[in-house]
Every structure is written in structure tokens, then in C-alpha cells.
Number of protein chains: 2
Amino acid sequence: MTNITLRQLRAFLAVARARSFTRAASELNLTQSALTMAIRGLEEEVGLRLLDRSTRAVAPTAHGERFMVTAERLLDEMQRAVDDLRAIADRQSGLVVMAATASFIGPVIAPALRDVAERFPGIAVRLIEEHTEGAARRLLAGELDFAVTTLPSPEPGIEAIPLMRDRFGLLCPDDHPLARAGKSLGWGVLADFPLVGMSQLNGMRRLLDQDRDGAQAVRGLRYEVSSMTTLRSLVESGVGVGAVPALAARPSGGSGLAWRELVPAVHRTASLARRAGRSLTPAAAEVVLAALAQLRQLRDPGIELLTDRASLIRQGWLSHRG
Amino acid sequence: MTNITLRQLRAFLAVARARSFTRAASELNLTQSALTMAIRGLEEEVGLRLLDRSTRAVAPTAHGERFMVTAERLLDEMQRAVDDLRAIADRQSGLVVMAATASFIGPVIAPALRDVAERFPGIAVRLIEEHTEGAARRLLAGELDFAVTTLPSPEPGIEAIPLMRDRFGLLCPDDHPLARAGKSLGWGVLADFPLVGMSQLNGMRRLLDQDRDGAQAVRGLRYEVSSMTTLRSLVESGVGVGAVPALAARPSGGSGLAWRELVPAVHRTASLARRAGRSLTPAAAEVVLAALAQLRQLRDPGIELLTDRASLIRQGWLSHRG
DNA sequence: TGTTGGTCATAAGCCGATCTTATGAATGGC
DNA sequence: GCCATTCATAAGATCGGCTTATGACCAACA
């Protein structure tokens with residue numbers, strides 16, 4: 001086992017290049033004495049004279065000259081490797097692989113990514129639109145840095161922290177009678193109209209299924225669709241109405257759609273999830289922060305933020321730096 | 001500038017591979033605590049988490065995993081470079097480039113090289129038969145590790161140490177009248193026979209030219225040749241006699257040739273020479289030592305050893321090791 | 001030829017980095 | 001919930017490396 005240090009390599013190169021201990025010392029901000037000892041240590045370690053020196057001249061030996069090339073390359077590679085890591089740490093580069101449920105991507109993730117791209121042009125993102133189960137599977141497989149999902153129950157091997165919750169409300173055309181009914185709406189009103197809802201594969205659908213009040217929004221469902229975009233289209237064209245979370249309803253006003261709270265409140269909680277014990281990369285942390293900022297900007301009565309930067313730091317999702 | 005140490009790299013690799021600080025610590029004969037600190041230092045230096053760790057599990061992060069490859073390669077290259085140097089230091093490999101005058105090669109250098117080859121099969125030698133001036137030029141050009149020459153005067157830029165000296169004597173056929181003349185021979189006897197001698201390009205010829213007694217061996221030279229082999233052939237076939245140094249006469253008895261001292265003694269001194277300030281490689285030192293041993297074995301009355309191992313060490317030609 | 005200025009080598013003491021010991025905090029298994 | 005195990009942290013000890021001071025050597029110059 002070698003006990004050679006990079007310090008010795010640097011000392012050797014400096015002396016060999018400067019052809020002088022004294023000059024090399026001043027370049028390295030050391031004393032000549034320190035270099036003498038460093039070179040001695042190096043030569044003892046390899047058992048070979050690398051620098052021929054007298055009080056009048058210093059020059060690398062033939063072996064020393066060959067070793068210079070090696071030492072140079074070694075230090076160079078080391079520097080490059082460290083620089084790469086530092087670039088990632090400084091978020092000048094990096095790849096974020098993440099998954100999010102569709103309803104988050106439009107109003108939250110997309111603008112967050114635009115934001116991140118502006119400040120850190122070197123960060124690349126792979127965004128996977130994925131429902132809860134798929135995200136969980138990918139997390140466990142180690143494919144993702146993190147995911148934004150409506151994780152129902154904490155799975156082993158996955159660590160999650162509540163991010164926000166929004167309540168379900170009625171989505172209807174903005175010229176629909178219920179759109180401007182004076183009083184607050186109860187879940188019972190849904191019984192009077194043809195209902196549009198998500199298929200059973202969907203996370204929010206299952207929330208409704210399991211809720212006593214929410215179940216009224218899926219009983220006798222007339223149209224069952226697989227994406228929120230489709231649901232919105234159907235509602236907008238007056239085919240029916242549906243119960244959707246506040247976030248999924250956005251944008252509502254001005255888009256031909258109206259959203260009204262339903263009481264009693266039924267919530268859906270979205271979480272930040274990662275594989276247990278896996279830390280966020282600096283780039284991923286930046287995306288999470290930007291998403292948080294987007295959520296804060298929404299200022300929607302139906303949407304409630306459940307965490308903040310400090311809390312994320314406290315629970316080990318973010319570091320203090322940056 | 002990175003301040004990362006190879007120690008940290010080794011610590012990182014050990015922990016990442018063992019997936020445990022404790023196990024890695026016992027492998028490296030350190031405490032778990034030391035590794036914790038080493039890893040912390042490394043991570044601070046690059047600004048990036050490289051190992052995700054809890055009290056129950058340790059695993060490299062994605063970046064850590066990539067860095068493992070780099071760190072492995074770096075340490076490996078370092079090890080290889082050092083091993084190469086050590087092989088040279090141990091004389092398991094190495095190339096010696098040397099020059100010697102022809103008269104040395106046969107009786108001294110050749111058997112010395114056979115000897116070295118036996119003990120250090122990895123050492124390669126490039127041996128150049130070269131007269132004094134040529135050797136000096138090559139030394140100054142840095143082409144040679146060392147040379148064995150009859151250096152007349154110390155040149156600047158060349159460092160020389162006397163190796164041995166031999167005296168001139170009469171070379172004649174072994175059935176020649178002078179071969180068994182009772183008394184010692186004076187230089188005057190040469191006047192009575194046709195003389196064979198080296199050309200003026202040769203070092204020993206010039207020694208004779210410049211010596212009052214020796215000059216009698218070149219005055220009225222009948223045959224002027226350019227190599228000792230030729231000279232010996234001519235003398236052996238009875239064409240004439242000549243004055244040659246003891247070493248150049250060997251082997252004399254049993255080869256059809258006889259060699260008799262001439263008085264007063266005229267000496268030729270052979271030196272070990274190298275470029276000033278240039279140290280011998282371990283392999284070259286081995287050759288020098290072997291040559292010295294050969295010279296010692298000659299035990300020829302006309303040959304006088306002028307140095308020894310201790311003296312070479314004292315004057316910086318050899319190191320103590322080995 | 002003695003002096004002088006500059007160079008690398010060496011020694012001693014200091015200081016900081018690193019290691020060890022001891023302890024704390026977290027977590028999975030029972 | 002308790003226990004065993006693991007990593008983290010703190011404090012003291014130890015070791016290596018740095019600086020300062022000095023020596024030895026050598027070339028250049030008077």
C-alpha cells in the first residue's frame with residue numbers, strides 16, 4: 001500500500017517544473033524546508049531518486065521526468081472529478097428524475113420547472129406523469145429522485161411528507177345553475193345531475209369511494225374517464241358535472257368552468273415521497289423548493305399548504321446551504 | 001484547489017463497498033469515528049452528499065456511486081505508477097545506457113553484465129563501444145547513465161572518479177625472445193623490433209605520445225591499427241610487437257601472446273564518468289558494482305584498483321541501500 | 001584565494017489534522 | 001416498549017507537517 005499523498009505529488013511537480021525548491025516553495029506558499037521534506041518522503045516511499053539536486057541546480061532524473069507526466073495526469077483527473085461533483089453541488093449541472101400526478105404538473109410543477117430552468121440552466125429534468133402506484137413502484141426501484149403523489153398509506157421503503165391538501169368541490173360549466181347558487185353546496189346536490197368522474201385506477205377516485213360524503217360523487221357515475229383533461233372537456237361541454245379537488249380544477253374562472261366548494265369538506269393530501277434513506281440531490285432540492293413557492297403563490301381557498309422550507313429542512317429533505 | 005486526500009478516497013471506497021462504517025473501519029484498522037470524520041471532510045470538500053446513511057443502512061448516493069468508479073480508477077493508477085517506480089528501485093526492471101572503451105568491454109564489462117543479468121533478469125542494457133571523446137559528448141548530451149573512459153582531463157559538466165589504472169607493457173608472441181628475457185624490460189627494447197600500435201584517435205596512443213618513455217613505443221611505428229583486436233592479431237602472427245596496457249593484453253598466457261611489464265611504469269587511468277549532478281539509477285549502480293567486482297577478481301599485477309564501494313558511496317555514486 | 005550570496009539539507013519546536021475513547025441519538029427487531 | 005446495533009459527536013491524545021533557525025555546499029567575484 002502506498003502512503004503517497006497528493007500533497008507530495010503537487011510538491012514534486014512544483015519543484016520539478018520550477019527546477020528550484022525555493023521558487024517552488026514561494027509558488028506554493030510554503031517554505032523551502034517543507035518541500036525538501038515532502039520530496040524526501042516521496043522518494044523514500046517509491047525508493048527512487050526523482051530529483052537530482054545540488055545547491056546549484058535541481059533537475060528531475062529520467063525516472064522523475066516520466067513520473068511527472070503520471071503525476072500531472074493523476075492530479076488533473078482528480079481535479080476534474082471533484083469539479084464535476086462541485087458543479088452538481090452548485091446546481092450548475094445535474095439531472096432530476098421525478099414523477100408527479102397529472103393534476104400537479106400543470107398548475108405547480110410546470111411553472112416550478114420554468115423557474116428552475118431560468119435560475120439554473122444546467123439542470124436537466126426528466127418528469128414522469130405517473131399515478132400513485134406507479135410512482136411508488138418507481139421510487140422503490142430507485143428510479144426517482146422524488147415524487148409528488150397522493151400516497152394513501154405510508155409504504156415501507158418509502159418516506160413521505162405531506163406537502164399540501166386541497167378539498168373536493170363541484171366542477172361545472174360557469175353558466176350552470178349551481179355555479180352561482182347563493183348558499184354553500186352540500187354533496188347531495190350531485191344527485192340531481194349527470195356525473196362525470198375519474199376511473200377507479202385514479203387516486204382521487206379512490207378517496208371519494210372511501211369517503212361517506214364523497215361517495216355521493218361516484219354513485220351512479222354516468223361518465224367515467226381516465227384523465228383530468230378529458231373530465232374537464234366533458235364538464236365544459238355541458239355533458240355533466242363532477243367533484244374534483246381544487247388544484248385539479250384550476251384554472252376555473254375564465255375557462256368556461258366554475259368550481260364551488262362542497263361541504264362537508266373532503267380533502268386529498270399530496271405528499272412529497274422518496275425512497276427511504278435517499279437524500280435529495282441539490283438539483284432535486286431546487287425543484288422541490290420551486291414547487292413549494294408555486295404552491296404558495298396559488299392562494300386558493302381550497303388549497304392548504306402543509307409544509308414549508310424550515311419543516312423540510314428539519315425532516316431532512318433539504319440542507320441548509322443554498 | 002481541492003484539498004481532498006487519497007486517505008479520504010480510500011475511506012470513502014471502503015465505506016461505500018462495505019455499506020457500513022463499522023465494517024469498513026475494521027478493514028482499514030481504524031475506528032468507525034475516524035471514517036465518519038473522513039467522509040464528512042470529503043463531502044464538505046465537494047459540497048455533495050456521497051453516502052446516504054442512517055443508523056441502519058449505508059449506501060452511496062447516485063453521485064457517490066459514480067464517484068466510486070472515479071476514485072477506484074484514481075487510486076488504481078496511483079498504485080500502478082508507484083509500483084512501476086518501485087520495480088525500478090528494486091532493480092526488477094530498468095534500462096542502463098552506458099558507454100565503455102573497447103579494452104574494458106571484454107575483460108570487465110561483459111562478465112559484469114553476465115553477472116547482473118543473472119541476478120536481475122529485468123534489467124536491460126544498452127552498451128555503446130565508444131572512445132573517450134565520443135563518450136564525453138554523449139554524457140553531455142544526457143544520453144548515458146555513465147561511461148567508463150580514460151578521461152584525460154576533467155571536463156566541465158562531467159563528473160569523473162578514477163576507477164583503476166593499469167600500466168603499459170610489451171605485448172609479443174609467447175615464443176618471442178623478449179617473452180622470457182630474465183631481467184625486467186626497459187622501453188628501449190622496443191627500438192629493436194618492428195612496432196605495432198594504435199592510431200592517433202585512440203586514447204592510449206595519446207597517452208604514449210605525451211609520455212617521455214612511452215613515446216619510444218610509437219616512434220617509428222611500423223603498423224598503425226584502429227582496434228585492439230587487430231593489434232593482437234598482428235602481434236600474434238609475429239609481424240611485430242607493441243606496448244599495450246595490462247588490461248588490453250588480457251587474456252595473454254595461453255593465447256599465443258605474452259605480456260611483460262615495461263619500466264619505468266607508464267599508467268593509463270580509467271574513470272567512471274557521468275554528467276555532473278546526475279545520479280545513477282539503481283540498475284546502473286548495479287552494473288557499476290558488478291564491474292568493480294570483476295576488476296577486483298582480475299588480480300593482475302599490472303592492474304591497480306583505485307576505488308571501492310565505500311569510496312563510491314562517499315562520493316555520491318552509490319547509495320547505501322541494496 | 002578568501003569572501004559572499006544563494007541554494008538545499010537538517011534539527012527543533014509548534015501547530016493542526018487526525019485518530020481514539022467515550023458517549024449520545026436513532027432505528028429496526030424482539 | 002426494550003434492547004442491540006449503528007452512525008454521530010465531543011474531548012483528549014497522538015502524529016505528521018510546517019516554520020524558524022542553522023548548517024553545509026558551491027559558484028562567482030574581488
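Given the structure is predicted, the values throughout are model-derived calculations rather than measurements.

A. Spotlight on the overall build of chain A. Assigned secondary structure in chain A consists of 11 helices and 13 strands. For chain A, the C-alpha radius of gyration of 31 Å lies well beyond 20 Å, the compact-globule estimate for 322 residues. Evaluated residue by residue, chain A yields a buried proportion of 43% over its 322 residues. Long-range contacts, defined here as pairs at least 24 residues apart, represent 73% of the contacts in chain A between residues at least 6 apart.

B. Expanded view of the interface of chain B and chain A. Taken together, the contact pairs 29 residues of chain B with 29 residues of chain A. The biggest single contributor to the side of chain B that touches chain A is helix α4 (residues 62-89) of chain B, with 13 residues. Looking at the side of chain B that touches chain A residue by residue, the class counts come to 13 nonpolar, 11 polar and five charged.

C. Representation of helix α1 (residues 6-18) of chain B in the model. With 13 residues, α1(B) should reach 18 Å at 1.5 Å per residue; the first-to-last C-alpha distance of 18 Å fits that figure. Where α1(B) is concerned, the buried positions are B:Leu6, B:Gln8, B:Leu9, B:Ala11, B:Phe12, B:Ala14, B:Val15 and B:Ala16. Contacts from the buried residues of α1(B) go to α1 (6-18) of chain A together with α2 (21-28), α3 (32-46), β1 (51-53), β2 (58-60) and α4 of chain B. The first or second residue beyond α1(B) is B:Arg19, which carries a positive phi of 55°.

D. The protein's contact with DNA strand C, seen in detail. The full set close to DNA strand C counts 21 residues, and A:Thr22, A:Ser33, A:Thr55, B:Thr31 and B:Ser33 are the nearest of them. Breaking the surface near DNA strand C down by element, the ones donating at least two residues are α2 (21-28) and α3 (32-46) of chain A together with α3 of chain B. Sorting elements by how many residues they give to the surface near DNA strand C places α3(B) first, with five residues. Looking at the surface near DNA strand C residue by residue, the classes come out as six nonpolar, 12 polar and three charged.

E. How the structure looks around the relation of the copies chain B and chain A. For the pair chain B and chain A, the superposition axis carries a translation of 0.0 Å, the fit reaches an RMSD of 0.2 Å, and the rotation angle comes to 180°. These values place the two chain copies in the arrangement generated by a two-fold rotation axis.

F. Main features of the packing of helix α4 (residues 62-89) of chain A against α4(B). Where α4(A) meets α4(B), the closest approach of the two axes is 11 Å, and the angle between their N-to-C directions is 170°. Between α4(A) and α4(B), the angle is such that the two are roughly antiparallel. Touching A:His63, A:Phe67, A:Thr70, A:Leu74, A:Glu77, A:Met78, A:Ala81, A:Leu85 and A:Ile88 of α4(A) are B:His63, B:Phe67, B:Thr70, B:Leu74, B:Glu77, B:Met78, B:Ala81, B:Leu85 and B:Ile88, all from α4(B). In terms of residue class, the contact of α4(A) with α4(B) is made up of 12 nonpolar, four polar and two charged.

G. Region of the structure containing unusual backbone geometry. In this structure, the amide linkage connecting B:Arg250 to the following residue, B:Pro251, adopts the cis form with an omega of -10°. Its place among the elements puts B:Pro251 in the loop between α9 (246-249) and β11 (257-263). Looking along the chain, the bond that leaves B:Val263 and enters B:Pro264 is cis, with omega of 0°. A positive phi angle is found at A:Arg19, which is not glycine, with a value near 55°. Taking the C-beta count within 10 Å as the criterion, A:Arg19 has 14 such neighbours and is therefore assigned partly exposed. In this structure, B:Arg91 is a non-glycine residue whose phi angle is positive, near 60°. For B:Arg91, the position within the fold is in the loop between α4 and β3 (94-100).

H. Local environment of the protein's contact with DNA strand D. DNA strand D sits among 21 residues. The nearest are A:Thr31, A:Ser33, B:Thr22, B:Ser33 and B:Thr55. Within the residue set of the surface near DNA strand D, elements represented by two or more residues are α3 of chain A together with α2 and α3 of chain B. No other element matches the five residues that α3(A) contributes to the surface near DNA strand D. Looking at the surface near DNA strand D residue by residue, the classes come out as six nonpolar, 12 polar and three charged.

I. Spatial organisation of the nonpolar core. Ranked by internal contacts, the top residues of the largest apolar core, which has 69 residues, are A:Phe146, A:Ala147, A:Leu171, A:Val287, A:Val288 and A:Ala291. Among the elements that line this core, the one with the most residues is helix α10 (residues 282-298) of chain A, at nine residues. In contact with A:Val288, not counting residues within four places along its chain, are A:Phe146, A:Leu272, A:Leu280 and A:Trp317. By size, the runner-up hydrophobic cluster in this structure holds 67 residues, among which are B:Ala217, B:Met228, B:Leu234 and B:Ala248.

J. Geometry of the packing of α1(A) against α2(A). Residue and element names in this part refer to chain A. Orientation of α1 relative to α2, taken along the N-to-C sense of each, is 125°, at an axis distance of 8 Å. Judged on the interaxial angle alone, α2 and α1 are oblique. Seen along the crossing, α1 lies across α2 with a hand that is right-handed. Here Ala14, Val15 and Ala18 of α1 come into contact with α2, specifically with Phe21, Arg23, Ala24, Glu27 and Leu28. Tallied by class, the residues present in the contact of α1 with α2 amount to six nonpolar, no polar and two charged.

K. Layout of the pairing of strand β12 (residues 267-275) of chain A. All names here are of chain A. Within β12, seven of the nine residues are buried, which leaves it mostly tucked inside the rest of the structure. Here strand β5 (residues 146-149) pairs with β12 via three bridges, running antiparallel. Following the sheet pairing, Thr149 is matched in β12 by Ser271. Judged from the nine bridges that link them, strand β6 (residues 158-173) and β12 form a sheet pairing that is antiparallel. Among the inter-strand pairings, Ala160 is bridged to a residue of β12, identified as Ala273.

L. Representation of helix α6 (residues 132-140) of chain B in the model. All names here are of chain B. Every buried residue of α6 is listed here: Thr132, Ala135, Ala136 and Leu139. The buried residues of α6 all sit within an arc of 100° when viewed along its axis, so they share a single face. Against the buried residues of α6 lie β3, β5 (146-149), β6 (158-173), α7 (203-210) and β12 (267-275). Directly beyond the C-terminal end of α6, a positive phi value near 80° is found at Gly142.

M. Region of the structure containing the environment of B:Arg167. Residues and elements named next belong to chain B. Within the element layout of this structure, Arg167 appears in strand β6. For the pair Arg167 and Ser279, spaced 112 residues apart in sequence, the C-alpha separation works out to 30 Å. Among all residues touching Arg167, those that are not within four sequence positions of it are Pro245, Ala246, Glu261, Ala265, Val266, His267 and Gly302.

N. Examining the pairing of strand β10 (residues 242-245) of chain B more closely. Residues and elements named next belong to chain B. Residue alternation in β10 divides its side chains into two sets, Gly242 and Val244 and Ala243 and Pro245, and both sets are buried. Where β6 meets β10, four bridges bridge the pair, whose relative direction is antiparallel. In the strand pairing of β10, Phe168 is matched with Pro245.

O. Spotlight on the environment of A:Met98. Residue and element names in this part refer to chain A. Tracing the backbone through its elements, the reader meets Met98 in strand β3 (residues 94-100). According to the C-beta neighbour criterion, Met98 is buried, with 25 such atoms within 10 Å. Distance from Met98 to Arg126, taken between C-alpha atoms, is 6.3 Å for residues 28 residues apart in sequence. Those residues within four positions of Met98 in sequence are excluded, and the remaining contacts are Leu127, Leu144, Asp145, Phe146, Ala147 and Val287.

Parameters and conventions
Residues numbered from 1 in each chain as written. Chains lettered and ligands numbered in written order. Predicted model: local features only at pLDDT ≥ 70, side-chain atom pairs only at ≥ 80, totals over all residues. Helix = DSSP H or I, 4+ residues; strand = E, 2+ residues; numbered from the N terminus. Rg over C-alpha atoms; globule rule 2.2 N^0.38 Å. Buried ≥ 20, exposed ≤ 12 C-beta atoms within 10 Å, placed from the backbone. Contact = placed C-beta atoms within 7 Å. Nonpolar A, V, L, I, M, F, W, Y, C, P; charged D, E, K, R; others polar. Expected span 1.5 Å × (residues − 1). Near = placed C-beta within 6 Å. Least-squares fit on C-alpha atoms with pLDDT ≥ 70 in both. Axes fitted to C-alpha atoms, helices over the stretch in contact; angles between N-to-C directions. Parallel < 35°, antiparallel > 145°, perpendicular 65-115°, else oblique. Core = buried A, V, L, I, M, F, W, Y, C linked by C-beta atoms within 7 Å. Left-handed = near helix turned anticlockwise from the far one by under 90°. Pairing = 2+ DSSP bridges. Arc of directions from axis to C-beta.

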